[in-house]
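# Examining the three-dimensional arrangement
Listed here are the chains, written in short residue letters.
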Amino acid sequence: MSDNFFITKDDWLFLPSANGTPVVNNYPVHGYSTSLSDALIAQAKCIYNDFKDRRIVISLSGGIDSHQVAYAFAKANLPVKYVHFSFTFENRPEKERIFIDEFAKKFNIDVDIIDYNFSKQSFKDFLVQIKYLSNIGYHLLKKSHSDYLKIYPDAMFVQGNQWFDFLRNGNVCYGSLNLDPYYPQSSHIFDPSSLTFQLYSTHLFEYFEYLHRKDKILQFHEKFQPKNLAYTELGFHLREKLGNCDWQTDNFHTPHVRTSIDFAYEMSLRALEKDRRYWFLTEIFNYSNEQTDYLIKKFRTKEKLTYGGISYVNVYSFETEVDRYDL
Amino acid sequence: MDNIWNTKNDWLALYDIDDLPVVNNYSLNDDGSKSLSDALTTQARIIYEDFKDRDIVISMSGGIDSQQAAYGFANANLPVKYVYFKTSFNSRPEKEQFYVEEFARKYNIPVNIIERNYTSEDVKDLVKKGNYFKDKIATAPLILFNSLYQEYISQNPNSIFVTSTMMFTFSRDKNLCSGGILTDRGTFNEVSKRTSNLKLKIIPFNFYSSHLWEYYEYVHRQELVLQFHKRFQAKNLAYTELGFPLREKLGAFDWFTDSFHEPETKTRIDFANDRSMLSSNKMNFLMHFWGHSHTQALKLYNTMSSHYTNDFVRFNLYSFETDVDKYDL
């Protein structure tokens, strides 16, 4: 049997190859948690128990994914490390910083801020070194983790990415892993020093199923990303959509892709990625607008060859009667 | 001059529909509410105390505005009536009924569903009577719901409606935060027009007394994240403070669409701008009821003078300095 590309407890979820389809080996495993808070805490405790001989590091950004992870460990009062890798550019900070500072204050945790302050030249070198095509966030994360591991080789990073959707088709509801086209390259799944909080054990998905079966409004949506329950169940603040390298924009509060919570589709980042590339090419590499347009077009063509469409792996399904409200 | 709005002791007054409101009496009270739930409940109690000799009717839709009003009364356990006007077109119902029913179940309130099934001719009639295409401030919900309110009141003369359009926005310009009304002229006028037509029959829940807006000021001064936004519509606190479920954007007359769950304008909650879906109604009306093609409808639509497009109403109730601008670039 091949190795599991995911780090999951007892291989309950098994990914046979980097571009393969995950297989659900064992689900459900536990009893249902009846609140998101309980499910997150149970998940954190499970991870802590299995990795307590390592330096467990919660890598925090300003977004709700990593904040849910940090919430869980903080609420469970577990002795882990909270780190924010701050990528500033000529002392221009990322805007997400306010969300980290406020979160740390509210939940009374110490966050170690590790600052990478790029100059124009050092950032240019970095982009050349990683052969930047897309997903700058992944490359920045990889660099920061690699640097951190040199100091703390026993570190185990806990990541907050959430890939799960509630879906409905007619009278059937599904809870599905959403394998986004960015997933194979964007994720840290091939890194043995990182695990994905949401996937590690089944607690969170079991809670999602419990809630999905119970709550008709969640059933009524044709698509809903349960990560957004953090707003309505945990009271997390609505916030601007965060992207990496937000220092490249002078305005963090517009346009509407920034200030919109799209509970069905995570689309905003791609719109921001385009602006980001444009800025990198014109400001860092000093290309003309015409050259930049040409290169961006070339990027897009290559991307289409690299990424496929979204695929879903159903963890559970059940029948519903909310389709009577459809037209 | 008369106050167009029905507000307690005229604390907030609108003397001319094309003008801005005037604050006659407002101050942040130290003993005010410290949670949205408490603020809504207190606001409901104040309204109940002032109008308990009348039949208070909470007009509900599936959206978070009216449901916050209903929450206030339900949480205070006050003996009021909850009504949902279910408007169907050729028996195609509005999708929001689902949200009304789920809310009623959760908060254990009886909602009286009053159904009106319109035909094309009925709608044309209403449009004509409401001067929909000529009156600059006529909106489809206005012409529709005013007639429903009037009909209800004629049958229940002691009733008084509580309506709720939340128009309150937190704003920031560098190191200066402010709170007040920031909305498109269409929404503002719709709220005002409804009140002016039926002044003694309609209570605007969110600003009848200053209680709710005092809470907004309190939380705005308290929360740095709220201060950091350049624009944030306070109505959205219902999601994070009350746990109201995120939901598709509801427009009046969703009968026109076959899909309620897409495109993304339906599933996006823009906390900065409440992108009104009202203006699309005129196009829909022209196509569905008058049989115009999309091109013809667009041509006609563009000739209509409208207050919706670029005109905004801005009015500050309070302002204060902040240091969150240190996080700006």
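That block above? That's the structure.
Presented here is a report on the structure given in the accompanying data block. In this text, all values refer to a predicted model and were calculated from it rather than measured experimentally. (Residues numbered from 1 in each chain as written. Chains lettered and ligands numbered in written order. Predicted model: local features only at pLDDT ≥ 70, side-chain atom pairs only at ≥ 80, totals over all residues.)

### Points about the overall build of chain B
Helix and strand counts for chain B come out as 12 helices and 12 strands. Its C-alpha radius of gyration of 20 Å places chain B within 12% of the 20 Å reference for a compact globule of 329 residues. Expressed as lengths along the three principal axes of its C-alpha atoms, the size of chain B is roughly 55 × 50 × 45 Å. Sorting the 329 residues of chain B into buried and exposed places 43% on the buried side. For chain B, restricting intrachain contacts to residue pairs at least 6 apart in sequence, the fraction spanning at least 24 positions comes to 74%. (Helix = DSSP H or I, 4+ residues; strand = E, 2+ residues; numbered from the N terminus. Rg over C-alpha atoms; globule rule 2.2 N^0.38 Å. Buried ≥ 20, exposed ≤ 12 C-beta atoms within 10 Å, placed from the backbone. Contact = placed C-beta atoms within 7 Å.)

### Observations regarding the overall build of chain A
Helix and strand counts for chain A come out as 13 helices and 12 strands. The C-alpha radius of gyration computed for chain A amounts to 20 Å, which stays within 12% of the reference 20 Å derived for 327 residues, consistent with globular compactness. With the C-alpha coordinates of chain A rotated into their principal frame, the extents come out at 55 × 50 × 45 Å. Classification of the 327 residues of chain A by burial places 40% in the buried group. Counting contacts in chain A only where the partners sit at least 6 residues apart, residues at least 24 apart contribute 74% of the total.

### Some remarks on the nonpolar core
Counting 128 residues, the largest nonpolar core has Ile-58, Ala-70 and Val-158 of chain A together with Ile-58, Ala-70 and Val-162 of chain B as its most contacted members. With residues near it in sequence (within four places) discarded, Ile-58 of chain A still touches Val-69, Ala-70, Phe-73, Val-80, Lys-81, Tyr-82 and Val-158 of chain A. Counting residues in hydrophobic clusters, the runner-up holds 6 residues, among them Phe-85, Phe-89, Phe-118 and Cys-245 of chain A. (Core = buried A, V, L, I, M, F, W, Y, C linked by C-beta atoms within 7 Å.)

### So, unusual backbone geometry
With an omega of -5°, the peptide bond running from Tyr-27 of chain A to Pro-28 of chain A counts as cis. By secondary structure assignment, the location of Pro-28 of chain A is in the loop between strand S2 (23–24) and helix H1 (36–51). Note that the residue after Thr-254 of chain A, namely Pro-255 of chain A, is joined by a cis bond; omega there is -5°. Of note in this structure, Asn-77 of chain B is not a glycine but carries a positive phi near 55°. A positive phi angle is found at Ser-91 of chain B, which is not glycine, with a value near 70°. The topology assignment puts Ser-91 of chain B in the loop between strand S4 (81–89) and helix H3 (97–107). Residue class for Ser-91 of chain B comes out exposed when judged on the 9 C-beta atoms lying within 10 Å of it.

### Notes on the sheet that holds strand S9 (residues 202–204) of chain B
Residues and elements named next belong to chain B. Taken in spatial order, the 5 strands make up an open sheet running S5-S4-S3-S6-S9, and their pairing is parallel. Two strands bound the open sheet, and with one partner strand each, they are strand S5 (111–118) and S9. For this sheet, the mean inter-axis angle between neighbouring strands, taken without regard to orientation, is 30°. The pairing of strand S6 (residues 159–163) with S9 spans 3 bridges and is classified as parallel. Across the sheet, Phe-161 pairs through a bridge with Ile-202, a residue of S9. Where helix H2 (residues 64–75) meets the sheet, its contacts fall on strand S3 (55–59), S4 and S6, and the angle it forms with S3 comes to roughly 140°. (Pairing = 2+ DSSP bridges. Axes fitted to C-alpha atoms, helices over the stretch in contact; angles between N-to-C directions.)

### Section: the interface of chain A and chain B
How big an interface is tends to be stated in terms of the accessible area lost upon association of its parts. Facing 34 residues of chain A, the contacting portion of chain B comprises 32 residues. Of all the elements in the fold, those that place two or more residues in the side of chain A that touches chain B are helix H3 (97–107), helix H9 (216–220), helix H10 (229–234), helix H11 (256–259) and strand S11 (260–262) of chain A. A total of 4 residues in the side of chain A that touches chain B trace back to one element, the largest contributor, which is H3 of chain A. When grouped by side-chain class, the residues that make up the side of chain A that touches chain B number 15 nonpolar, 9 polar and 10 charged. Where S11 of chain A lies against strand S11 (residues 268–270) of chain B, 3 bridges are found, and the strand directions are antiparallel. In the sheet register, Ser-260 of chain A faces S11 of chain B, and the bridge partner there is Asp-270 of chain B. (Nonpolar A, V, L, I, M, F, W, Y, C, P; charged D, E, K, R; others polar.)

### Considerations on the environment of Lys-235 of chain B
Residues and elements named next belong to chain B. On the secondary structure map, Lys-235 appears in the loop between strand S10 (231–233) and helix H9 (237–242). Given 22 C-beta atoms within 10 Å, Lys-235 falls into the buried group. Spatially, the C-alpha atom of Lys-235 lies 9.7 Å from that of Asn-206, the residues being 29 residues apart in sequence.

### Observations concerning the sheet that holds strand S12 (residues 312–321) of chain B
The pairing of strands in a sheet comes from backbone hydrogen bonds and takes either a parallel or an antiparallel form. Residue and element names in this part refer to chain B. Overall, antiparallel pairing links the 4 strands, which are arranged S10-S7-S8-S12 in an open sheet. The sheet is open, and its two borders are formed by S10 and S12, each paired with just one other strand. Here the average twist between neighbouring strands, direction ignored, is 25°. Here strand S7 (residues 168–173) pairs with S10 via 3 bridges, running antiparallel. Residue pairing for S10: Ser-171 is matched across the bridge by Arg-231. With respect to the sheet, helix H7 (residues 211–222) is in contact with S7, strand S8 (176–184) and S12, its orientation differing from that of S8 by roughly 135°.

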